[in-house]
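Observations on the three-dimensional arrangement
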Amino acid sequence: MLPANTPTVGRRMNPTFQVDGVEVVLHPLDMVPVAVDQLGVRIGSLAEHGQSICDALDELLVGLGANLRTRSGAGSQFKEPWGPT
């Protein structure tokens, strides 16, 4: 999560939340795995925003697939790993 004033692509891809009184924005393109032992004390839950988080990830993954399909034409270095659609 980044500060809410961070530039975003769009509301669906970058939902905002209140975390411990601070407005933050989800940037799925910047998500990385973090080991549980590296996390601090739990300060809240985003469970009520689960659909917004899923929508943001869907936007990322569907957008990535669409981008790969448009670039996978003849002679392109981009190929669909899942085969033709």
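Residues numbered from 1 in each chain as written. Predicted model: local features only at pLDDT ≥ 70, side-chain atom pairs only at ≥ 80, totals over all residues. Heavy atoms only, no water.

**Overview of the overall build of the chain**
Selection rule: Where helices and strands are cited, they refer to DSSP runs of H or I of at least four residues and of E of at least two residues respectively, numbered from the N terminus. For each residue, the accessible area found with a 1.4 Å probe, counting protein chains only, is set against the maximum for its type, and the residue is called buried under 20%, exposed over 50%, and partly exposed in between. Should any heavy atoms of two residues lie within 4.5 Å, those residues are considered in contact. For every accessible area listed, the method is Shrake-Rupley and the probe measures 1.4 Å; residues are considered covered only by the protein chains on display.
In terms of helices and strands, the chain carries 1 helix and 3 strands. Ordered by position from the N terminus, the helices and strands of the chain form the series β-β-β-α. Residues classed as buried in the chain amount to 18% of the 85 residues present. Considering only contacts in the chain between residues 6 or more positions apart, those separated by 24 or more positions represent 38%. Total accessible area on the chain stands at roughly 6500 Å², and carbon and sulfur atoms take up 58% of it.

**Quick notes on the confidence of the model for the chain**
Under the convention used in this document: For every residue, the predictor reports its confidence as pLDDT, a number between 0 and 100.
Averaged over every residue, the pLDDT of the chain is 78; the share at 70 or more is 62%. The least confident element of the chain, judged by mean pLDDT, is strand β1 (residues 2-3) at 58; the most confident is strand β2 (residues 16-19) at 90.

**Some details on the pattern of salt bridges**
Operational definition: Counted as salt bridges are all cases of a side-chain nitrogen of Lys or Arg within 4 Å of a carboxyl oxygen of Asp or Glu.
Tallied over the entire structure, the rule returns 3 salt bridges. Linking Asp 55 and Arg 12 is a salt bridge whose minimum nitrogen-to-oxygen distance equals 3.6 Å. Taken together, the residues span a long stretch of sequence, with Asp 55 in helix α1 (residues 50-71) and Arg 12 in the loop between β1 and β2 at a distance of 43 residues. Each of the salt bridges in this network shares a partner with another, and the network as a whole consists of Arg 12, Asp 55, Asp 58 and Glu 59.

**Section: unusual backbone geometry**
Look at Asp 20: it is not a glycine, yet its phi comes out positive at around 55°. Considering the arrangement of structural elements, one finds Asp 20 in the loop between β2 and β3 (22-25).

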